[in-house]
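Spelled out, the chains give:
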Amino acid sequence: FFVMRKLVTTISLILLMTISNHSYSQLWKQFADSAKVYTDQKNTDKAIEFYYKANEELKKDSLGTNSYADNCNNLANLYKKMGQYKKAEPLNLEVKKILEKLIGKENPDYARACDNLANIYYDMEQYEKAVPLYIEAKQIWGNVLGKENLDYAISCNNLGNLFDEMGKYQKAEAFSLEAKQIREKLLGKNHPFYAQSCSNLGIIYEDMGLYEKAELFYNEAKQIQEKVLGNQHPDYARTCASLANLY
């Protein structure tokens, strides 16, 4: 009888510990889910608070996991939307480091991590730091999915915008033309992404002082945007403003 009671007590303790550990391991998810709700409600301060609570729980037994990386990424995105790039930077660096270890470099998720970090440096105007990250992402997209791919085209587009900001117009032109060519092939001309490429080339040619070329691309972008997006869309308005500045 004593042995049986001891056995029952031991089993009860094991079950209690299992339930307790399961609850403990799921606590981060409750915090993360709450953070997402606050994000949807535009309550940014509360969202940040609960993402940090989720991170603290994950650090106890799940540091360096996909869950921790996802949580850091969500937090970084919030800071980016708020324009707090210095707070977003270490989180994006952490995500990139974790994903490199978990899945390796030749993976679309790692490429996105490179793009996200490069976007932060672009917004911070730290262009020299952004260049190798955009290039790394572009190479991965090309290796994994091939060059005739929209993600690869986005990388070309990002590099075109970046080199234009750096005043390296020939490089900007080459990457932007490549993005335009891929988008035309995959999406056709009557698409906002193709219009975006035309508009970007207009900006580059304007910066180069090639105003006739700039006008041609701005006009093409304007016609597509009016047809596809309507004349009340911000992209259409921006292109009209760019054209007005030429005259």
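Residues numbered from 1 in each chain as written. Predicted model: local features only at pLDDT ≥ 70, side-chain atom pairs only at ≥ 80, totals over all residues. Heavy atoms only, no water.

*Asks:* Give a description of the overall build of the protein chain that names residues and reports values.
*Replies:* Regarding its fold elements, the protein chain presents 11 helices and zero strands. Here the protein chain holds 247 residues, and 37% of them are scored as buried. A total accessible area of about 14200 Å² is found for the protein chain, and carbon and sulfur atoms account for 53% of it. (Helix = DSSP H or I, 4+ residues; strand = E, 2+ residues; numbered from the N terminus. Buried < 20%, exposed > 50% of the residue type's maximum accessible area, 1.4 Å probe, protein only. Areas by Shrake-Rupley, 256 points an atom, 1.4 Å probe, with all protein chains shown as cover.)

*Asks:* I'd love a proper account of the confidence of the model for the protein chain, names of residues and values included.
*Replies:* The predicted model of the protein chain averages 90 in pLDDT, with 90% of residues at 70 or higher. Mean pLDDT across the elements of the protein chain ranges from a minimum in helix 1 (residues 2-40), with 59, to a maximum in helix 8 (residues 169-187), with 98. Note that pLDDT drops below 50 for residues 1-24; the model gives that stretch three contacts with residues more than four away or on any other chain. (pLDDT = per-residue confidence, 0-100. Contact = heavy atoms within 4.5 Å.)

*Asks:* Tell me about the environment of lysine 29, and name the residues and values.
*Replies:* By the secondary structure assignment, lysine 29 is in helix 1. The exposure class assigned to lysine 29 is partly exposed, which follows from its relative accessible area of 37%. On a C-alpha basis, the gap between lysine 29 and lysine 53 in space is 9.9 Å, while along the polypeptide they are 24 residues apart.

*Asks:* Describe helix 9 (residues 192-207), with residues and values.
*Replies:* Here helix 9 is 16 residues long and its end C-alpha atoms lie 22 Å apart, about the 22 Å a rise of 1.5 Å per residue gives. Where helix 9 is buried, its residues contact helix 7 (150-165), helix 8, helix 10 (211-228) and helix 11 (234-246). Glycine 209 lies just past helix 9 and shows a positive phi near 85°. (Expected span 1.5 Å × (residues − 1).)

*Asks:* Quick rundown of helix 4 (residues 85-103)? Include the residues and the values.
*Replies:* Compared with the 27 Å implied by 1.5 Å per residue over 19 residues, the 26 Å span of helix 4 between its first and last C-alpha is a close match. Among the residues of helix 4, those classed as buried are Ala88, Glu89, Leu91, Asn92, Val95, Lys96, Ile98 and Leu99. Against the buried residues of helix 4 lie helix 3 (66-81), helix 5 (108-123) and helix 6 (127-145). Glycine 104 sits one or two residues past helix 4 and shows a positive phi near 85°.

*Asks:* Quick rundown of the packing of aromatic side chains? Include the residues and the values.
*Replies:* According to the stated counting rule, one finds five aromatic pairs in the structure shown. Aromatic pair phenylalanine 31 and phenylalanine 50: ring centres 6.0 Å apart, planes at 55°, arrangement tilted. Taken together, the residues span a long stretch of sequence, with phenylalanine 31 in helix 1 and phenylalanine 50 in helix 2 (residues 44-61) at a distance of 19 residues. Comparing phenylalanine 31 with phenylalanine 50, the two get one shared label, buried. Through successive ring pairs, a cluster of aromatic residues spans Phe31, Tyr38 and Phe50. The aromatic ring of phenylalanine 50 is capped on one face by lysine 53, whose charged end is 4.6 Å from the ring centroid. (Phe/Tyr/Trp six-rings, centres within 6.5 Å; stacked < 30°, edge-to-face > 60°. Lys NZ or Arg CZ within 6 Å of the ring centre and 35° of its normal.)

*Asks:* Give a description of the pattern of salt bridges that names residues and reports values.
*Replies:* Applying the stated criterion across every chain yields a total of 11 salt bridges. Salt-bridge contacts for lysine 46 lead to glutamate 49; the nearest nitrogen and oxygen are separated by 3.5 Å. Remark: glutamate 49 and lysine 46 occur in helix 2; sequence separation between them is three residues, near one turn of the helix. For lysine 46, a relative accessible area of 31% gives the class partly exposed. Aspartate 123 is the partner of lysine 80 in a salt bridge, and the nearest nitrogen-oxygen pair spans 3.1 Å. Of this pair, lysine 80 sits in helix 3 while aspartate 123 sits in helix 5; the two residues are 43 residues apart in sequence, bridging distant segments of the chain. Note on lysine 80: relative accessible area 29%, which makes it partly exposed. (Salt bridge = Lys/Arg side-chain N within 4 Å of Asp/Glu carboxyl O.)

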